[in-house]
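# Summary of the model geometry
Below are the chains, spelled out letter by letter.
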Amino acid sequence: TVKSNFITVKWDATATEEFPTAGYRIFWHTGDLSNFNPSDDNADAVNSTYVQSNTAAGTEITHTFAVPVFDKDVYIRIQAMNTLGDGSALSDQVKVHTYANNAPAFEPAGDITVSLKPFDKKEYEFTVSDPDGHKIAGYCTFAGGSDAATSSQIGNKVTVSIDAAKASPGTYKAVISVKDEYDLTGSLTITYTILPNTPPAVVKTIGNMVIGKGESVTLDLNEYFTDADGEKLKFTAESTESSIADFGIVDNTFG
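All of the points below concern the structure found in this document. (Residues numbered from 1 in each chain as written. Predicted model: local features only at pLDDT ≥ 70, side-chain atom pairs only at ≥ 80, totals over all residues. Heavy atoms only, no water.)

### A closer look at the overall build of the protein
Looking only at helices and strands, the protein has zero helices and 20 strands in total. Since a compact globule built from 255 residues should have a radius of gyration of about 18 Å, the 36 Å found for the protein marks it as more spread out than a globular shape. When its C-alpha atoms are laid out on the principal axes, the protein stretches across 120 × 30 × 20 Å. Looking at the 255 residues of the protein, the share that counts as buried comes to 32%. Across the protein, every contact between residues at least 6 apart in sequence was considered, and the portion connecting residues at least 24 apart equals 66%. Surface accessibility of the protein: about 16,000 Å² in total, with carbon and sulfur atoms responsible for 48%. (Helix = DSSP H or I, 4+ residues; strand = E, 2+ residues; numbered from the N terminus. Rg over C-alpha atoms; globule rule 2.2 N^0.38 Å. Buried < 20%, exposed > 50% of the residue type's maximum accessible area, 1.4 Å probe, protein only. Contact = heavy atoms within 4.5 Å. Areas by Shrake-Rupley, 256 points an atom, 1.4 Å probe, with all protein chains shown as cover.)

Structural data, given as structure tokens:
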């Protein structure tokens, strides 16, 4: 049976009375092995793996091994070996077909497109895995596109952080890439747009007021100003006659 480039072979153990079976040699090749002889001078051109065994005759043996070829026919024959290193006749040939290699994947999957206000912060966490069961070759590589995007990795968990305040308005791409042990790359792209900072706007004017001596007036400044970005506003006030009017701003209230 085959999963990706992992081949699982099953056979019944053999035995001899004088010199018991010590193990088995599995020969495999992408070319036909019908006429293959392990004693031939060119036998080294055929791949082999050795499986040590002291299993009783008739017992089923299972062995899984990986071959570095994808989407290819693979021919297999097995030989029993005794304790002196003598080999039996080869088994009948079996042909299997490996599958194509799949790139490492990110979960959640799929590219991301996001817009951020100039003070926004976003964080995304991904789990890296390989659908074929291959090893991940080291750490993910990361290209942030700007100083706003950074990444960190612990094991197979990757976190991408975007701090919009650390880059100018514009559209950028952050790309995370990872390779499997056969050098196939899987990538995920986060396209992020940092919006320009919008200045506060006046939504209501403060009309002229007549205030008598000893009287006071308070104004909720949130009724007079707004910010399209949703940022917290800071207010200042000035007076042309500070000796006449005493005022201050507390919690966006002017009075």
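### Remarks on the environment of Asn101
Among the secondary structure elements, Asn101 is positioned in the loop between β7 (94-97) and β8 (105-107). On the basis of relative accessibility, which here comes to 19%, the residue Asn101 falls in the buried class. Between the alpha carbons of Asn101 and Asn208 there is a distance of 76 Å; along the sequence they are 107 residues apart. Discounting chain neighbours no more than four positions away, the residues touching Asn101 are Phe70, Asp132, His134, Asp180, Tyr182 and Leu184. A polar side-chain atom of Asn101 sits 3.3 Å from a polar atom in the side chain of His134. Within the structure, Asn101 has its side chain in polar contact with the side chain of Asp180 (distance 2.9 Å). (Polar contact = N/O pair within 3.5 Å; in protein donor to acceptor, adjacent residues only side chain to side chain.)

### A word on the side chain of Ser177
Mapping Ser177 onto the fold places it in strand β14 (residues 170-179). Note on Ser177: relative accessible area 16%, which makes it buried. Here Ser187 takes part through its side chain, which lies 2.9 Å from a polar atom of the side chain of Ser177. In this view, Ser177 contacts Cys140, Thr141, Thr185, Gly186 and Ser187; residues no more than four positions away in its chain are not counted.

### Some points on the packing of aromatic side chains
A full pass over the atoms with the stated rule returns six aromatic pairs. Between the aromatic rings of Trp11 and Tyr24, the centroid separation amounts to 5.2 Å while the plane-to-plane angle is 65°, which identifies the pairing as edge-to-face. Pair noted here: Trp11 is in strand β2 (residues 6-12) and Tyr24 is in strand β3 (residues 21-29), with a separation of 13 residues, a long-range link. Take Trp11: its relative accessible area is 11%, and that puts it in the buried class. For Tyr24, a relative accessible area of 2% translates into the label buried. (Phe/Tyr/Trp six-rings, centres within 6.5 Å; stacked < 30°, edge-to-face > 60°.)

### Topic: the nonpolar core
Where a protein is soluble and globular, its nonpolar side chains tend to be buried together. Membership of the largest hydrophobic core comes to 23 residues, with the highest contact counts inside it found for Phe106, Phe126, Ile162, Ile176, Ile190 and Tyr192. Elements with a minimum of two residues in this core: β9 (112-116), β10 (121-129), β13 (157-163), β14 and β15 (185-194). Setting aside residues up to four positions removed in sequence, Phe126 forms contacts with Phe106, Glu107, Pro108, Ile112, Asn156, Lys157, Val158, Val160, Ile176, Leu188 and Ile190. (Core = buried A, V, L, I, M, F, W, Y, C linked by side-chain atoms within 4.5 Å.)

### Considering the sheet that holds strand β1 (residues 2-3)
Spatial ordering of the open sheet is given by β1-β2-β5, a layout of three strands whose pairing is antiparallel. Of all the strands in the sheet, the pair left with one neighbour each is β1 and β5 (60-66). (Pairing = 2+ DSSP bridges.)

### Focus on the sheet that holds strand β12 (residues 149-154)
Sheet strands pair by backbone hydrogen bonding; their relative direction is either parallel or antiparallel. Pairing in this open sheet of four strands is antiparallel, and the strands run β8-β10-β13-β12 from one edge to the other. Pairing within the sheet leaves two strands with one partner each, and these edge strands are β8 and β12. Recorded for the sheet is a direction-independent mean angle of 30° between the axes of neighbouring strands. Sheet topology places β8 next to β10; three bridges connect them, and they run antiparallel. Within the sheet, the bridge partner assigned to Glu107 lies in β10 and is Thr127. (Axes fitted to C-alpha atoms, helices over the stretch in contact; angles between N-to-C directions.)

### Re the environment of Trp28
Along the chain, the position of Trp28 falls in strand β3. By relative accessible area, Trp28 is classed as buried at 9%. Between the C-alpha atom of Trp28 and that of Tyr75, which follows or precedes it by 47 residues, the distance is 5.4 Å. For Trp28, the residues in contact, after removing those within four places along its chain, are Leu33, Val46, Asn47, Phe65, Val67, Pro68, Val74, Tyr75 and Ile76.

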